[in-house]
Structures are given as structure tokens and as C-alpha cells.
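Chains, contacts and geometry: an overview
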Amino acid sequence: MEDRLAILRRVAPFNLLPPEVLSGLTGLLVEVQHPREQLLYQQDATKLRHLDIVVEGAYETFFLDSQQLKRLPEEYGPGTCYGGMSILLNRKRSLRTVVVRKGTRVLQLPRRDFRALCLAYEPFFHYFTARYGERMLNEEYANFVKAVAPPEQNFLVADQLFSRRINTIEVRELVTCPAQLPIFEAARRMAAAKVSCLFLTDEHTEEIIGYCTDITLRDTVVAQCLDARRPVAEVVATPLVSINRGAFVYEAILRMFQTKTRYLLVEENGRYLGFLSRNKLLSDLAQSPFMFIQAVKLAQSTRELKRRWEMVPDIVNQLLSRGVKADIVNQVITTVADTVARKVIENVLAEIGEPPARFVFMVLGSEGRQEQTLLTDQDNAIIYEDKANEQRELVRAYFLRFATAVSDELNHIGLHFCTGGFMAKNPKWTHSLSHWKRNYQQWMSESNPETVMQFATFFDCRYLYGEESLMQELQGFLHQELAQPLDRFLFYMAKNALQYEPPLTFFRNIRTFEQAGQQVFDLKKAMAPIVDLVRVYALRHQIFQTNTGERLARLRELGVFKDKEAQELLQAYYYLMGMRLQKQARQIIQDHTAPTNYLDPHTLTQVEQVTLKEIFKIIGDFQLKIKVSFAKTL
């Protein structure tokens, strides 16, 4: 095959890259040959693991419509690349269906390296985003990708990257060992410290002389059957590459490409402070919420989980400032919280040992509805399988101990204890499956205003971790119970939903109360009627989705709400949610104060005030419909 460097120089947008970067890329490319014609990628289904550069032959690309007919065919011949827009803008899934021609040869650039280039070199990145924008002007093209998640969910955003410095990123602590240490001992140190790079020091000067990586151990030791008792100095990798702590982030990524290294030492005043790995750097840099969530999944300590959770307000603020819808922002917050909780659960299980019974850790309330804000606390519970009498106390004691450890760790990270005590660490909310069934049966059959108000949140429960079949069995039981006449239960659920009236006076002014010297209203309470009323209708029609938006969509499908009614409620709910999130993010980032749900209407524009008044009127009309449907005697 022709010299790879010469090929890259002719392929857009690689021809925009500096020569030294192109030279560093050649070793990352993998050559693949296709001896026969075959289906390579399926639209919106196949995950792309690399960017494909066609050298010989061609890719035939197209969309398939509902009749499986080819639409908008396009050929990618020699000197073109496929996959960039898919990786950046379609959750890594191929935008089109691709058939590769017989005899086609391609060079593949791994996905992570492609993303690194996008983050490091702005013109390269904008080549793909500009092409996507041009294609979306074609109505037929846009029609085929309309089901793709909104760009805000997928876009590898490069904003602020080119003004960001390394001192804004947490560097990894140096893990070192003497160069004369046996290879197997060095590997043990790497395993214990959970690092993929170990730095070797001179036994006399203690200066760092090189490094050893997982790849070194694989390629130089294992693959060549080298005696692991030999000194690790014999497999040392060089040269050492460093960068100043005050340098720009994009300079660090470019240097990694130029020197073909995945690790950079970070120095200041002649002293090494730590190091950056390319994988870690990309995780820290990514503004995309999906990449941020991936970074949370890769967190190795409680300290890192805590730091990630503290970054959420900034992520929320960035998303809102780009016009991302509030429901998507809710999902981002909830997904991060879910990921943190799962990591904590796994860590606690590893520490206290295997559970003595199958169990489900479920979340309730706003987290159960996937509607978390920045003012959030823990709402969770545990269901475990029924065991024989002699094991019950042992099983219960284990899960209470487990729940306490999980809740304490979450509280330390920043997901604070529930003031109402709705947590699995509370013995009231950790029970066997049969006990939970009795709980729900009692709440529904013997309902009164107090029980309905107190336990409504348990009808927003959602599986988080464990044996999902236990949750499904509970839902099957609820399905049977809700099929029974439950007029009394629904009556009190509706009555509970009517207790919070929209803060609107007779003269259509916003009703306020004094809080810390300000006249405010409570955004959470203003939204509560929509949450509560939609929940009532969902239970009445045995809809088990917990998210308010999803419940409304299903109710609209069933004809319970007309399109206009559902749309008005959705817009009202998420307008208030957006205000709430923005207010909380501003309190945390700008004011450095704890977030609240209180808002002073005088801080709003005239347009915002008018919009709020219309929203409160919509909620009032909705409550009136509830009175007619459920509570005629009120």
C-alpha cells in the first residue's frame, strides 16, 4: 500500500493537520481488506469503533426507508472517510447503511484517537460538524435522521477547549518503583494502585528515567515469554514527555500525537506534579454529557466520585446555556446520580461480601421519575427475596447494614440524606417482597389523606440495581391490585394533588411569601400539581412508567388527554423545570450558596412573568378537571 503519510495528506480533513501530527497518526492506523462485497454497517444500529479512510474500492452508502428501499445513495471512493458524523453526532451508531465493494481497502483510525483529534484541532473537528449542518438542510436527509437523539445529547462539544489550561484538570498521582525491581513486582504495584502506567526511578538519584505500561507488559513481557523475575528496567519505555501545568489543554493532546505517547508528565518549577493519560484527559475534557457519564463510570475512588458529582452544576449550566431542553438536563443529572449510586453499591458489596439473598435497590420520588434537580436528596428502598424463617433475621440484618453503608457513602459524595427518612437505611423501607406487597395493598385498600400524602412517592419507584425480576413481580402484583375498584384510593390521591394551588391571586398576580428578606414563590410546589395529577391518571390507567413526560405521552396515546392538553402540560412542566434548574445552577456557581426552590418574580423579565401567569392558569384548569373526574364531592 502507498505510504500512509502520503495518503493522509490527500484526505480531507486530515490535510488540515500539521505535518508532525500526521506523522504521529500513521502508527495508529490499522489496514483492513475486504475481499468480497458485504453489508458492513446498518443505519442507526451498528456501533462504529473507528473512522474508515477508503484507500481502494468504495463504500456504497444509503438510507433504507420503511419499505426497505434505498434512499439518498452516495458513494465513498478513494480519498474519502466514513464515520466521523456518526461517531460525533449519532451516539457512535452508523447514520447510514453501508455496503463495502469487493476489493476495498481501508485504513481505520480508532474512535478514541479520532475524538482526540477533534478535541485537539479545531478545523479538523469543524469539518465534520459543518458537513452535518449542510446535510441537515436537505429535508429528505433530515427526515431520516430526525429520530436521532437531539445534537445536545451527542455533540462532542469543543467550546472552551481552546482556552482551557491543564491546571484546571486533576492530574493522576505518580506511582513509581525502582528500575531494578522485578517485572512481576512492578506489575503487582500497578494492579494495587489501579494504574496503567508505572514510572521507573534510578536507584541512586531517584529521578524518573522511564515508564512501564500495560501494553509494555503485554507486548514485551508476555508476548515474548520474558522471565518476569528480570528487572523491569529491561522493558523500560522512553522517552519521557512532559508539559508545563500552565500549558493549554489542546497543546497536551497535540504533544501526545506528535510524540506517539499516551502519557504526559505534568511539571511546574522543575518538579513533577503527576501525569495525564490520554484516556483520562479525554474523559475530563469532554463537554458531552455522555462522555462525562462515562468518566463517572471509570471513577476509581470515592474522592473522584465526589469530584464528579460536584461538576454536575457546571454541566447543567452549560447544557441550559446551549438551549438544551429541561427534560434532557433532568435525565443527565439522574443518569449521573444513578451511575454514582451503582458504583457505590458495587464498592459496598465488594467490601461486605456477597448478599445472602437476591435483592433490588430501587429509587423513588424525583430520582424514580428521572426528574432530579441540583437540590436533590436520597430516596431509595430495598426489596429482597423471601427466605425461610430461620434465615430472615440474618438476611434482614445484612441488608440494613448494606443500606446504611450505601447511604452514608452517597451522603459523603453529596447525595444527601432524605430529611423525611425515605431511605433503605431506615428499617421501614428495607423489606422482603411479600412485605412490600402487603405495604402497597394496605396503602391502596385502607387509604386516607395522611397515608396517601406520605406514601405517594412509592408509586414513583424505579429499578436501579440488583435482580430486576423482583421489581417486575412487584409491578405484576400492583397491576392486579389496580384492576380492582379503588375509588377511595384514587379519590384521596386526587385530593392530595389539589392541596397545592397555583400561586396566582384573584387579580392574576403571582402570590408570594417572605423568605430571607425576599418575596418569593416555591417553584417545586408550583410544579407539584402536575406531577401528582399525572400520577393519579397513570395509576387509574395502569401505566407503570414513572417519568411525568412519559406518563403524559402514554395518556395521550390512550386518549385520556387531547393533544393540546398534553402539550400544554408538558410545556408548562418543563418551562418551570428549566427555571428551577437555572436558578439552582446560578446559586451554586455564581453565588456559592446552597440551591433552593425559591424564586423572586421581580428578578424575572416581563415576558417570563407573563409566561408564568399563563402556566399557573393552565395548572388551575387542569386541577379543575381533576375535581370533576375524581373528586365530585369536594
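For the structure itself, consult the block above.
Residues numbered from 1 in each chain as written. Predicted model: local features only at pLDDT ≥ 70, side-chain atom pairs only at ≥ 80, totals over all residues. Heavy atoms only, no water.

As for the sheet that holds strand E6 (residues 81–82)
What links the strands of a sheet is backbone hydrogen bonding, and the strands pair in either a parallel or an antiparallel sense. Using the following cut-off: Strand pairing is assigned whenever DSSP detects at least two bridges linking the two strands. Secondary structure elements are defined from DSSP: runs of H or I of at least 4 residues count as helices, runs of E of at least 2 residues count as strands, and each element is numbered from the N terminus. We call two residues contacting when some pair of their heavy atoms lies within 4.5 Å. Note on geometry: axes are lines fitted to C-alpha atoms, helical ones only across the stretch in contact, with angles between N-to-C directions running from 0 to 180 degrees.
If you walk across this open sheet you meet the four strands as E1-E8-E3-E6, and the pairing is antiparallel. Edge strands, defined here as strands with exactly one partner in the open sheet, are strand E1 (30–34) and E6. Across six bridges, strand E3 (residues 50–56) lies against strand E8 (residues 104–110) in antiparallel orientation. Residue pairing across strands places glutamate 56 opposite arginine 105, the latter belonging to E8. In the packing of helix H4 (residues 111–120) onto the sheet, contacts are made with E3 and E8, and the angle to E8 comes to roughly 65°.

A few points about the side chain of lysine 583
To keep it simple, the criterion reads: Burial here depends on accessible area, computed with a 1.4 Å probe over protein chains only, as a share of the maximum for the residue type. Under 20% is buried, over 50% is exposed, and the range in between is partly exposed. Positive charges come from Lys and Arg, negative ones from Asp and Glu, while His and the chain ends are left out of the count. Counted as salt bridges are all cases of a side-chain nitrogen of Lys or Arg within 4 Å of a carboxyl oxygen of Asp or Glu.
Its place among the elements puts lysine 583 in helix H23 (residues 563–589). Buried and unpaired, lysine 583 has aspartate 591 as its nearest opposite-charge partner, separated by 6.8 Å.

Here we look at the sheet that holds strand E4 (residues 59–64)
Overall, antiparallel pairing links the four strands, which are arranged E2-E7-E4-E5 in an open sheet. Among the strands making up the open sheet, the edge pair consists of strand E2 (38–41) and strand E5 (70–76). Across the sheet, the axes of successive neighbouring strands diverge by a mean angle of 30°, strand direction being ignored. Sheet topology note: the E4/strand E7 (residues 97–100) ladder contains four bridges and is antiparallel.

Comments concerning helix H9 (residues 214–222)
Let me state the cut-off plainly: Taking the helix axis as origin, the arc is that swept by the directions to the C-beta atoms.
Of the residues making up H9, those classed as buried are Thr216, Leu217 and Val221. Down the axis, H9 shows its buried residues gathered within 95° of arc, on one side only. Of the surrounding elements, those touching the buried residues of H9 are helix H8 (183–193) and strand E11 (208–213).

Some thoughts on the pattern of salt bridges
Should their charged atoms come close, side chains of opposite charge can pair. Tallied over the entire structure, the rule returns 29 salt bridges. Across the pair arginine 188 and glutamate 185 runs a salt bridge, and its minimum N-O distance is 3.8 Å. Of this pair, arginine 188 and glutamate 185 both sit in helix H8, three residues apart, which is roughly one turn of the helix. Residues joined by salt bridges that share partners form a network here, namely Arg369, Glu371, Asp460, Asp532, Arg535 and Arg551.

Quick word on H8
Ile183, Ala186 and Met190 are the residues of H8 that are buried. Angularly, the buried residues of H8 cover 60° about the axis, an arc narrow enough to put them on a single face. Along H8, exposed side chains directed more than 90 degrees from the buried face belong to Arg188, Ala191 and Ala192. Buried residues along H8 sit in contact with strand E9 (176–178), strand E10 (197–201), E11 and H9. Of the residues flanking the end of H8, it is lysine 194, one or two places downstream, whose phi is positive at about 55°.

Overview of the pairing of strand E20 (residues 518–522)
Bridge count for strand E19 (residues 513–515) against E20 is three bridges, and the pairing is antiparallel. Paired with phenylalanine 513 across the bridge in E20 is valine 520. Taking the residues between adjacent antiparallel strands as the criterion, E19 and E20 are bridged by two residues, where alanine 516 takes a positive phi near 55°. Note that E20 and strand E21 (residues 598–599) share two bridges and pair antiparallel. Across the sheet, aspartate 522 pairs through a bridge with tyrosine 598, a residue of E21.

Considerations on the packing of helix H21 (residues 523–540) against helix H24 (residues 606–629)
Each packed pair of helices is defined by two parameters, the angle between the axes and the distance between the axes. Operational definition: Crossing handedness is defined as follows: a turn of the near helix away from the far one that is anticlockwise and smaller than a right angle gives a left-handed crossing, while the clockwise case is right-handed. When residue character is reported, Ala, Val, Leu, Ile, Met, Phe, Trp, Tyr, Cys and Pro are called nonpolar, Asp, Glu, Lys and Arg charged, and the others, Gly included, polar.
Contact geometry of H21 with H24 gives a least axis separation of 10 Å together with a crossing angle of 35°. Crossing geometry of H21 relative to H24 is assigned as left-handed. Where H21 abuts H24, its residues Ala526, Pro529, Ile530, Leu533, Val534, Tyr537 and Arg540 lie against Phe616, Ile619, Phe622, Gln623, Lys625, Ile626 and Ser629. Across the contact of H21 with H24, the residue classes break down as 10 nonpolar, two polar and two charged.

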